[in-house]
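Examination of the molecular architecture
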Amino acid sequence: PEGWKLTQHDVPVDVIVTPTRVIRVPNRAPKPSGVFWDLLSPQKLASIRVLRQLKQETEAEMGISLPTGPDEILPPVASRNSKNKKNNKRRQGSSKKQKQQ
């Protein structure tokens, strides 16, 4: 859209899918190549296991330390599947009852 500018780490989309349409995006901006390690804060890196592993592997292969971005305070993360947690507690309780019998 007009007035929007992609930043260095933004990834433009190729396809937009809605319940009723599939829109292929023509003339999209180029995708970034690689990971911008200097933009990833230690906190963000700690919260994304695959990036943490990739950084460790890349540093080991190259024999260097890759840069890290500035510290940041991340927003709170929503808990996942609170309904499932309740179901898991019920299952655990029923398992205990079965073991006692």
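A brief structural summary. Values in this document were obtained by computation on a predicted structure and should not be read as measured data. (Residues numbered from 1 in each chain as written. Predicted model: local features only at pLDDT ≥ 70, side-chain atom pairs only at ≥ 80, totals over all residues. Heavy atoms only, no water.)

Before going further, it helps to spend a moment on the overall build of the protein chain. Counting secondary structure elements, the protein chain contains three helices and two strands. Scanning the protein chain from its N terminus toward the C terminus, one meets helices and strands in the order β-β-α-α-α. Looking at the 101 residues of the protein chain, the share that counts as buried comes to 9%. With the model as given, the accessible surface of the protein chain reaches about 9300 Å², and the carbon-plus-sulfur share is 53%. (Helix = DSSP H or I, 4+ residues; strand = E, 2+ residues; numbered from the N terminus. Buried < 20%, exposed > 50% of the residue type's maximum accessible area, 1.4 Å probe, protein only. Areas by Shrake-Rupley, 256 points an atom, 1.4 Å probe, with all protein chains shown as cover.)

Core analysis: the largest hydrophobic core is formed by five residues, namely W37, L40, L45, L51 and L66. Residue contacts for L45: discarding those within four places in its chain leaves W37, L40, L51, R52 and K55. (Core = buried A, V, L, I, M, F, W, Y, C linked by side-chain atoms within 4.5 Å. Contact = heavy atoms within 4.5 Å.)

A separate point is a nonpolar patch on the surface. Judged by side-chain polarity, V15, V17 and V22 come together as a nonpolar surface patch covering roughly 260 Å² of accessible area. With respect to the helices and strands, the residue V22 is situated in strand β2 (residues 22–24). Look at V22 and you get exposed, because its relative accessible area is 54%. (Patch = residues over 30% accessible without salt bridge, like charges linked within 9 Å, V, L, I, M, F, W, Y side chains within 5 Å. Salt bridge = Lys/Arg side-chain N within 4 Å of Asp/Glu carboxyl O.)

Before going further, it helps to spend a moment on the pattern of salt bridges. This model, assessed by the stated rule, comprises two salt bridges. With its nearest N and O atoms 2.3 Å apart, the salt bridge here joins R28 to D14. Taken as a pair, R28 in the loop between β2 and α1 (42–47) and D14 in the segment before β1 (15–17) lie far apart in primary sequence, 14 residues in all. We note a salt bridge from D14 to K31, for which the minimum N-O separation is 2.8 Å. Of this pair, D14 sits in the segment before β1 while K31 sits in the loop between β2 and α1, placing them 17 residues apart in sequence. When its relative accessible area of 35% is taken as the criterion, D14 is described as partly exposed. When its relative accessible area of 40% is taken as the criterion, K31 is described as partly exposed.

By themselves, these figures tell us nothing about what the structure is for.
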